[in-house]
Amino acid sequence: LNGVIDQLNIKTQAVLRSWDGAAFYEQATNNPAWAYLDALTGKQVTRPVKDARVDLDAIRELADWCEAQGLAYHWVHDGPETVLERARAILAAGQASFALQDGRYSMVRDDPEAPVLQVITPRNASGFESSRQYRSLPHALRVKYIDPATWTDAERIVYRDGYSEANATIFEDLQLQGVASAEEAYHHGQYHFRQAIL
């Protein structure tokens, strides 16, 4: 090489601990579930969570689901943040939320086939109030993601049912962290539309 290199791009792959149900093993992976496990128990954490305090079976189920759905996590955490902020960002890429269940670090994911854990009725609640906001939903979402070919910002427009390029007039932006494909952006856009409708 002659001269000074102004910019150097490197494509890397994380090698993370994974759980097969009986033992840990290391693998090259972009799965949000294993990134979440690493965010809690990895060497970079000042006070890592002990494996006994992590719901490994739930994380493995999330890993299998993310694999089946084609969801991945591509992000370099190089700024100041708490472990909780990092965990929440990673789980969002797997369409899950942080949770503590039975004193163990776990997550919650929308799963219509999962068993009902709690039902609120007049028999087990009193003075219960709720409110519902009715808001106008956008016709389409501009879902922002990172294009892995150039590692630059890109967007995918995801239309709500009944709308298309021909009749959509109300758009909203949806910024995603760690998403690096148009297919994943579409998957997340559809997921957020279903959440808003329900």
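Above: the structure in question.
Structural notes, computed from the coordinates.

1. Things to note about the pattern of salt bridges
For step 1, the next point in the chain: Following the criterion strictly, the structure yields 6 salt bridges and no others.
For step 2, the next point in the chain: Across the pair arginine 17 and aspartate 51 runs a salt bridge, and its minimum N-O distance is 2.8 Å. With arginine 17 in strand β1 (residues 15-19) and aspartate 51 in the loop between α1 (32-41) and α2 (56-69), this pair connects stretches of sequence that are 34 residues apart.
For step 3, the next point in the chain: Take arginine 17: its relative accessible area is 24%, and that puts it in the partly exposed class.

2. Structural notes on the packing of α1 against helix α3 (residues 83-93)
For step 1, the next point in the chain: Where α1 contacts α3, the axes come no closer than 8 Å and their chain directions differ by 175 degrees. Comparing their axes, α3 and α1 come out roughly antiparallel. Contact with α1, carried on its side by Pro32, Ala35, Tyr36, Ala39 and Leu40, involves Val83, Arg86, Ala87, Ile90, Leu91 and Ala93 of α3 and no other residues of that element.
For step 2, the next point in the chain: Per-class residue counts for the contact of α1 with α3 are 10 nonpolar, no polar and 1 charged.

3. Quick notes on the layout of surface pockets
For step 1, the next point in the chain: In this structure, the largest pocket occupies an estimated 900 Å³ of space.
For step 2, the next point in the chain: Along the wall of the largest pocket there are 24 residues; nearest its centre are Thr12, Tyr73, His74, Trp75 and Val76.
For step 3, the next point in the chain: Contributing elements (two or more residues each) for the lining of the largest pocket: α1 and α3.
For step 4, the next point in the chain: The biggest single contributor to the lining of the largest pocket is α1, with 3 residues.
For step 5, the next point in the chain: Tallied by class, the residues present in the lining of the largest pocket amount to 12 nonpolar, 8 polar and 4 charged.
For step 6, the next point in the chain: Contributing to the lining of the second largest pocket are Asp55, Ala58, Glu61, Leu62, Gln101, Met107, Val108, Arg109, Asp111, Ala114, Pro115 and Leu117.
For step 7, the next point in the chain: Secondary structure elements with two or more residues in the lining of the second largest pocket: α2 and β4 (104-109).
For step 8, the next point in the chain: The residue inventory of the lining of the second largest pocket, partitioned by class, reads 7 nonpolar, 1 polar and 4 charged.

4. Side note on unusual backbone geometry
For step 1, the next point in the chain: With a phi angle near 55 degrees, glutamine 95 is a residue other than glycine that sits in the positive phi range.
For step 2, the next point in the chain: With respect to the secondary-structure elements, glutamine 95 resides in the loop between α3 and β3 (96-101).
For step 3, the next point in the chain: One non-glycine residue with positive phi stands out, namely aspartate 102, at about 55 degrees.

5. Describing a nonpolar patch on the surface
For step 1, the next point in the chain: Taken together, the side chains of Ile5, Leu8 and Ile10 present a nonpolar region at the surface, about 350 Å² in accessible area.
For step 2, the next point in the chain: Within the secondary structure, isoleucine 10 is located in the segment before β1.
For step 3, the next point in the chain: Here isoleucine 10 falls in the exposed class, since its relative accessible area comes to 64%.

6. Structural notes on the nonpolar core
For step 1, the next point in the chain: Residues Trp34, Tyr36, Ile59, Leu62 and Met107 are the most contacted members of the largest nonpolar core, which totals 28 residues.
For step 2, the next point in the chain: Elements that contribute at least two residues to this core include exactly β1, α1, α2, α3 and β4.
For step 3, the next point in the chain: For leucine 62, the contacting residues outside a window of four places in its chain are Ala33, Leu91, Gly94, Ala96, Met107 and Arg109.

7. Remarks on the environment of isoleucine 90
For step 1, the next point in the chain: For isoleucine 90, the position within the fold is in helix α3.
For step 2, the next point in the chain: Note: C-alpha distance between isoleucine 90 and alanine 33 (57 residues apart in sequence) is 8.0 Å.

8. Looking at the environment of leucine 137
For step 1, the next point in the chain: Along the chain, leucine 137 falls in the loop between β4 and β5 (140-147).
For step 2, the next point in the chain: Accessibility expressed as a relative area gives 18% for leucine 137, which makes it buried.
For step 3, the next point in the chain: Note: C-alpha distance between leucine 137 and isoleucine 197 (60 residues apart in sequence) is 8.0 Å.
For step 4, the next point in the chain: Setting aside its immediate chain neighbours within four residues, leucine 137 contacts Arg160, Ala196 and Ile197.

Procedures and definitions
- Residues numbered from 1 in each chain as written.
- Predicted model: local features only at pLDDT ≥ 70, side-chain atom pairs only at ≥ 80, totals over all residues.
- Heavy atoms only, no water.
- Salt bridge = Lys/Arg side-chain N within 4 Å of Asp/Glu carboxyl O.
- Helix = DSSP H or I, 4+ residues; strand = E, 2+ residues; numbered from the N terminus.
- Buried < 20%, exposed > 50% of the residue type's maximum accessible area, 1.4 Å probe, protein only.
- Axes fitted to C-alpha atoms, helices over the stretch in contact; angles between N-to-C directions.
- Parallel < 35°, antiparallel > 145°, perpendicular 65-115°, else oblique.
- Contact = heavy atoms within 4.5 Å.
- Nonpolar A, V, L, I, M, F, W, Y, C, P; charged D, E, K, R; others polar.
- 1 Å grid on protein atoms, 1.4 Å probe; cavity = no way out; pocket = protein on both sides within 12 Å on 5 of 7 lines; lining within 4 Å.
- Points joined across faces, edges and corners; volume = space filled by probe spheres on them.
- Patch = residues over 30% accessible without salt bridge, like charges linked within 9 Å, V, L, I, M, F, W, Y side chains within 5 Å.
- Areas by Shrake-Rupley, 256 points an atom, 1.4 Å probe, with all protein chains shown as cover.
- Core = buried A, V, L, I, M, F, W, Y, C linked by side-chain atoms within 4.5 Å.

Any link to function would need more than the numbers given here.
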